[in-house]
Amino acid sequence: MKALTEQALFLDIETSGLHKQKDTIISIGILFFDPQKQPIMKHWFLEKKEEEKSLLESFLLFLSSYHTIYTYNGKGFDYPFLLSRMQYYHLDTTPLLSLKLIDLKESLKHFSRTRMTLEKMLNFKRQSSTSGKDVIKLYRTYIDSHHMIYSDLIIRHQEDELRSLLAFYELYDMLFNFSNLKHLESKEIADTLTLTLQASTPFTYSFNGSAFDLHFSYQEGHDLLHLTLPLIHTSLRHYLEPCKDYYYIESQGQLMHKSLAQFIPTSLRRRATKEECSVIKSSCYLKIYTTYKLTASLWYDTNKEVYIELIDFSPDLLSTQIFCLFFRRDSKQNSKPSTL
């Protein structure tokens, strides 16, 4: 796995509840890489409830050396909660707001909307059996007893959360930089097309999962990615453009370009409709999710879904498709993908 730069880190927070105004932050955990590319974890643990302000101040001070934070559901929970608690104490939130937040859940939710299922796809093994709900109970017990065993269980849970972010990041990075993978071979087997691609370094985790009818798999310690796409053997329609350049000859049931139709009497020809201004072909097709930077001929089914013929397929074309699918901001297909 490619290590992050020294200006980027992973973030996870544990809280005493879900209410940003009433509950407190129990622990802030981060994972970052040192100059030797070794991962380091750091935690700010709330020993006493009245120390939350100083905990947040220490965390804000630490952020001055960083420019990017990776989270899982950070936009939905971690960031809003942190900002709310900082604002409660009238702290300057600039160090946090100036950071670039990348929520890994936004892209990886296409594989699964639950964290645990995504971890299973990545064959990620947690070292602690403590759940997020357990953390709240453990912290209450810790406040009453101050026995280190309870705070240790919370920290161990948070360490699992941070380590799983590493696995998520490797999958995210593979998708984001898909164009950097080296295409080794393509095999057409029955109704599928399987591509074998090579990463620049071996994968640290294993993965086996599907999204958008695309199946991805790679193995820990190996540098090969296998991607399977469905092939469709059917008849589809291709529209000829511009439609105004075509005429329809009723007597022959024939479509004709204006360069030839000019020799047909006007009484025997008329402007072709959009549906008439098309051809139908039986072939092997691949579904297309965006027409951005696409030069191949487009083919449509009755639901106006877009396809290309297999003969027009290329790994470069697939790179654009994957980027659009996993990283576009809007829900519209066939639009220009936005960048992060």
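What you see is a predicted model, and the numbers here were worked out from it, not measured in a lab.

Participant: Which residues make up the overall build of the protein chain, and what values do they have?
Facilitator: Helix and strand content of the protein chain: 9 helices and 17 strands. In terms of C-alpha radius of gyration, the protein chain reaches 27 Å, well past the compact-globule figure of 20 Å for 340 residues. Here the C-alpha coordinates of the protein chain stretch approximately 95 × 45 × 35 Å along the principal axes. Sorting the 340 residues of the protein chain into buried and exposed places 47% on the buried side. Here the contacts in the protein chain between residues at least 6 apart in sequence split such that 64% fall between residues at least 24 apart. Put simply, the protein chain shows about 17600 Å² of open surface, and 51% of that area lies on carbon and sulfur atoms. The distance from the centre of the 40 positive side-chain charges to the centre of the 40 negative ones in the protein chain is 6 Å.

Participant: Please set out empty space enclosed by the protein residue by residue, giving values where relevant.
Facilitator: Scanning the model with the defined rule gives 1 cavity of 30 Å³ or more in all. In this structure, the largest cavity spans a volume of roughly 100 Å³. What lines the largest cavity is Leu-214, Leu-229, Pro-230, Leu-286, Lys-287, Ile-288, Tyr-289, Phe-313, Leu-317, Leu-318 and Gln-321. When the residues that make up the lining of the largest cavity are grouped by side-chain class, the tally is 9 nonpolar, 1 polar and 1 charged.

Participant: Quick one: what's the story with a positive patch on the surface, residue by residue and with numbers?
Facilitator: Side chains of Lys-49, Lys-133, Lys-137 and Arg-140 sit close together on the surface and give a patch of like positive charge. By the secondary structure assignment, Arg-140 is in helix H6 (residues 132-145). Exposure remark for Arg-140: the relative accessible area of 53% places this residue in the exposed category.

Participant: Please set out the UniProt feature "domain: YprB ribonuclease H-like" (unreviewed entry) in the protein chain residue by residue, giving values where relevant.
Facilitator: What UniProt calls "domain: YprB ribonuclease H-like" (unreviewed entry) maps, in this numbering, to residues 9-170. Annotated as 49% helix and 19% strand, the span residues 9-170 places its first and last C-alpha atoms 14 Å apart.

Participant: Summarise the packing of aromatic side chains; cite the residues concerned and give the values.
Facilitator: Per the counting criterion, the structure on display carries 30 aromatic pairs. Measuring from ring centre to ring centre gives 5.9 Å for Phe-45 and Tyr-139, while their planes differ by 75 degrees; the resulting arrangement is edge-to-face. With Phe-45 in strand S3 (residues 39-45) and Tyr-139 in helix H6, this pair connects stretches of sequence that are 94 residues apart. In this structure Tyr-139 comes out as buried when scored by relative accessible area, which is 2%. Here the aromatic residues Phe-111, Phe-203, Phe-207, Phe-212, Phe-216, Tyr-218, Tyr-289 and Phe-326 are joined through ring pairs into a cluster of three or more. In this arrangement the basic side chain of Arg-85 is found over the ring face of Tyr-88, its NZ or CZ atom lying 4.6 Å from the centre.

Participant: I'd like a rundown of the nonpolar core, residues and numbers included.
Facilitator: The tendency in soluble globular proteins is for nonpolar side chains to be buried as a group. Membership of the largest hydrophobic core comes to 60 residues, with the highest contact counts inside it found for Phe-10, Phe-111, Leu-171, Met-174, Leu-175, Phe-178 and Phe-216. Here this core takes 10 residues from helix H7 (residues 148-176), the largest share from any one element. Residues within four places of Phe-216 in sequence aside, it is in contact with Phe-111, Met-174, Leu-175, Phe-178, Phe-207, Asn-208, Gly-209, Leu-225, His-226, Leu-227, Ile-322 and Phe-326. In terms of nonpolar packing, the next biggest core, distinct from the first, is built from 34 residues, Leu-101, Tyr-139, Ile-154 and Ile-155 among them.

Participant: Residues and numbers for the layout of surface pockets, please.
Facilitator: Volume-wise, the largest pocket comes out at about 630 Å³. Put simply, the parts of the chain that give the lining of the largest pocket at least two residues each are strand S1 (8-15), helix H2 (74-88), helix H5 (115-121), H6 and H7. Per element, the largest residue contribution to the lining of the largest pocket is 5 residues, and it comes from S1. Tallied by class, residues from the lining of the largest pocket come to 8 nonpolar, 8 polar and 8 charged.

Participant: Summarise unusual backbone geometry; cite the residues concerned and give the values.
Facilitator: Between Glu-241 and Pro-242 the backbone carries a cis peptide bond, its omega angle lying at -5 degrees. Checked against the element boundaries, Pro-242 lands in the loop between strand S11 (232-239) and strand S12 (246-249). In this structure, Asn-73 takes a positive phi of about 65 degrees despite not being glycine. Looking at the element boundaries, Asn-73 is found in the loop between strand S4 (68-71) and H2. Look at Asn-73 and you get partly exposed, because its relative accessible area is 28%. The phi dihedral of Lys-304 is positive, around 65 degrees, even though this residue is not glycine. Topologically, Lys-304 is positioned in the loop between strand S16 (299-300) and strand S17 (306-309). Residue Lys-304 is classed as partly exposed on the basis of its relative accessible area of 45%.

Participant: With reference to specific residues and values, describe the side chain of Ser-151.
Facilitator: In this fold, Ser-151 is placed in helix H7. What makes Ser-151 buried here is its relative accessible area of 6%. The residues touching Ser-151, leaving out its near neighbours within four places in the chain, are Phe-45 and Tyr-142.

Participant: Give me the lowdown on the sheet that holds S4, citing residues and values where you can.
Facilitator: Pairing within the open sheet is mixed, and its 5 strands lie in the order S3-S2-S1-S4-S5. In this open sheet, the two edge strands, each paired with only one partner strand, are S3 and strand S5 (100-103). Mean inter-strand twist for the sheet, computed between neighbouring axes without regard to direction, equals 25 degrees. With 4 bridges joining them, S4 and S5 adopt parallel strand pairing. Pairing of Ile-69 across the sheet is with Leu-101, part of S5. Contacts between H7 and the sheet are confined to S1, strand S2 (25-33), S3, S4 and S5, with S1 contributing the most and set at about 140 degrees to the helix.

Reading guide: rules and limits
- Residues numbered from 1 in each chain as written.
- Predicted model: local features only at pLDDT ≥ 70, side-chain atom pairs only at ≥ 80, totals over all residues.
- Heavy atoms only, no water.
- Helix = DSSP H or I, 4+ residues; strand = E, 2+ residues; numbered from the N terminus.
- Rg over C-alpha atoms; globule rule 2.2 N^0.38 Å.
- Buried < 20%, exposed > 50% of the residue type's maximum accessible area, 1.4 Å probe, protein only.
- Contact = heavy atoms within 4.5 Å.
- Areas by Shrake-Rupley, 256 points an atom, 1.4 Å probe, with all protein chains shown as cover.
- Lys, Arg positive; Asp, Glu negative; His and termini not counted.
- Charge placed at Lys NZ, Arg CZ, Asp CG, Glu CD.
- 1 Å grid on protein atoms, 1.4 Å probe; cavity = no way out; pocket = protein on both sides within 12 Å on 5 of 7 lines; lining within 4 Å.
- Points joined across faces, edges and corners; volume = space filled by probe spheres on them.
- Nonpolar A, V, L, I, M, F, W, Y, C, P; charged D, E, K, R; others polar.
- Patch = residues over 30% accessible without salt bridge, like charges linked within 9 Å, V, L, I, M, F, W, Y side chains within 5 Å.
- Salt bridge = Lys/Arg side-chain N within 4 Å of Asp/Glu carboxyl O.
- UniProt positions renumbered as here; feature names shortened; annotations may be inferred.
- Phe/Tyr/Trp six-rings, centres within 6.5 Å; stacked < 30°, edge-to-face > 60°.
- Lys NZ or Arg CZ within 6 Å of the ring centre and 35° of its normal.
- Core = buried A, V, L, I, M, F, W, Y, C linked by side-chain atoms within 4.5 Å.
- Pairing = 2+ DSSP bridges.
- Axes fitted to C-alpha atoms, helices over the stretch in contact; angles between N-to-C directions.

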